[in-house]
Amino acid sequence: MNKPSIGASFVAGSLSGTCSTLLFQPLDLVKTRLQIGARTTAFPTNHGIVGTASNVVRHENVSALWRGLTPSLSRCVPGVGMYFTSLTTLQHLCLGDRQPTALEAGALGASARAWSTTALLPFTVVKTRYESGRYQYGSVRQALSSMARVEGLRGLYSGLWVTIARDMPFSGLYYMFYSQFKEKLQKSAFLYDRPELKGPATFGCGLISGVLACLMTQPADVVKTQVQTTTSSRSTWSAAVYIFQTRGAAGFFAGMTPRVVRRSLMAAMAWTVYEKIIRIVSL
């Protein structure tokens with residue numbers, strides 16, 4: 001397959017990000033509620049995925065499960081496009097047509113994620129606050145305006161370093177696992193002369209890679225949520241101390257199940273859709 005153009009990479013990545021965000025937003029909301037606990041909501045959130053989702057529906061409504069969808073789309077659609085564009089460009093510049101080694105894939109994945117995470121962080125903060133149920137913003141524009149007016153850049157970019165500490169390792173680990181799993185699978189007899197299995201095989205590689213990367217970056221995700229939803233725990237260190245003091249070591253793994261399910265499925269779907277679109281436009 002020829003190297004996809006920058007435009008094709010961005011469009012394919014954006015479309016894949018749109019599909020996965022629309023489907024899995026409820027899991028992100030449930031994850032956020034579990035991570036912040038009952039302190040910011042009008043109902044308890046200590047009953048697992050099903051109990052938390054049921055409470056959201058009971059006390060709010062079904063559509064509340066998609067609270068934060070607009071900022072999620074504002075972040076994920078261009079963000080995934082930027083990620084795939086950066087990844088394909090970096091890989092072509094650094095490696096040419098050669099496939100990356102495990103360490104090279106990790107470095108490429110982490111580097112590709114860094115700038116999109118930084119550029120779109122204000123939307124991440126708005127998304128997290130929407131999902132928490134604590135903030136009643138009327139729109140994404142109003143939320144950004146209010147944060148800029150009241151909290152300044154500190155509010156818009158709250159949790160920057162811990163978000164980078166989550167996203168760069170996640171993307172690096174994910175692409176490292178994904179590229180190695182896929183390379184070994186393609187060399188096996190499993191896919192030989194069986195093109196109908198390429199899509200499921202890509203999805204399977206993405207799913208396993210997502211699970212492993214999520215497990216390794218879960219504590220940073222919990223700290224990020226705490227920083228971005230609580231004005232009294234603005235620094236990364238104070239947020240981590242607060243989590244440990246109130247919930248113990250287990251607190252750093254709150255919301256792990258919905259996050260692992262969502263991120264794994266989102267990443268697997270994103271890569272499957274992306275590669276399918278790239279194959280079509282490269283014909």
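Nothing here was measured: the structure is a model prediction, and the numbers come from that model. (Residues numbered from 1 in each chain as written. Predicted model: local features only at pLDDT ≥ 70, side-chain atom pairs only at ≥ 80, totals over all residues. Heavy atoms only, no water.)

Enquirer: Pulling in residues and values, what's your account of the packing of helix H3 (residues 69–95) against helix H5 (residues 121–132)?
Expert: Contact pair H3 / H5: the axes reach a minimum separation of 8 Å and the direction vectors enclose 155°. In terms of orientation, H3 lies roughly antiparallel with respect to H5. Crossing geometry of H3 relative to H5 is assigned as left-handed. Between H3 and H5, the residues in contact are Pro71, Ser72, Ser74 and Arg75 and Phe123, Thr124, Val126, Lys127, Tyr130 and Glu131, respectively. Broken down by class, the residue content of the contact of H3 with H5 amounts to four nonpolar, three polar and three charged. (Axes fitted to C-alpha atoms, helices over the stretch in contact; angles between N-to-C directions. Helix = DSSP H or I, 4+ residues; strand = E, 2+ residues; numbered from the N terminus. Parallel < 35°, antiparallel > 145°, perpendicular 65-115°, else oblique. Left-handed = near helix turned anticlockwise from the far one by under 90°. Contact = heavy atoms within 4.5 Å. Nonpolar A, V, L, I, M, F, W, Y, C, P; charged D, E, K, R; others polar.)

Enquirer: Account for the nonpolar core, naming residues and giving values.
Expert: In terms of nonpolar packing, the biggest core is built from 25 residues, with Tyr83, Leu87, Tyr174, Tyr175 and Trp271 touching the most fellow members. Elements represented by at least two residues in this core include exactly helix H1 (6–36), H3, helix H4 (102–119), helix H8 (160–187), helix H9 (198–229) and helix H11 (256–281). If near-sequence neighbours (up to four positions away) are discounted, tyrosine 175 is found in contact with Tyr83, Leu87, Gln91, Pro100, Ala105, Leu108, Gly109 and Trp271. Residues Val125, Ala143, Met147 and Leu156 belong to the second largest nonpolar core, which totals eleven residues. (Core = buried A, V, L, I, M, F, W, Y, C linked by side-chain atoms within 4.5 Å. Buried < 20%, exposed > 50% of the residue type's maximum accessible area, 1.4 Å probe, protein only.)

Enquirer: I'd like a rundown of the packing of aromatic side chains, residues and numbers included.
Expert: Per the counting criterion, the structure on display carries eleven aromatic pairs. Here tyrosine 135 and tyrosine 137 contribute two aromatic rings whose centre-to-centre distance is 5.7 Å and whose plane-to-plane angle is 15°, an arrangement assigned as stacked. The class for tyrosine 137 is buried, based on a relative accessible area of 14%. Centroid distance phenylalanine 177 to phenylalanine 181: 6.2 Å. Interplanar angle 15°. Geometry classified as stacked. Within this pair, phenylalanine 177 and its partner phenylalanine 181 are both found in helix H8, separated by four residues, close to a single helical turn. Phenylalanine 177 sits in the buried class, given a relative accessible area of 17%. What makes phenylalanine 181 partly exposed here is its relative accessible area of 31%. Put simply, the rings of Tyr83, Phe84, Phe170, Tyr174, Tyr175, Tyr178, Trp271 and Tyr274 touch in pairs and so form one group of aromatic residues. When the ring centre of tyrosine 83 is taken as reference, the NZ or CZ atom of arginine 113 above it lies at 4.3 Å. (Phe/Tyr/Trp six-rings, centres within 6.5 Å; stacked < 30°, edge-to-face > 60°. Lys NZ or Arg CZ within 6 Å of the ring centre and 35° of its normal.)

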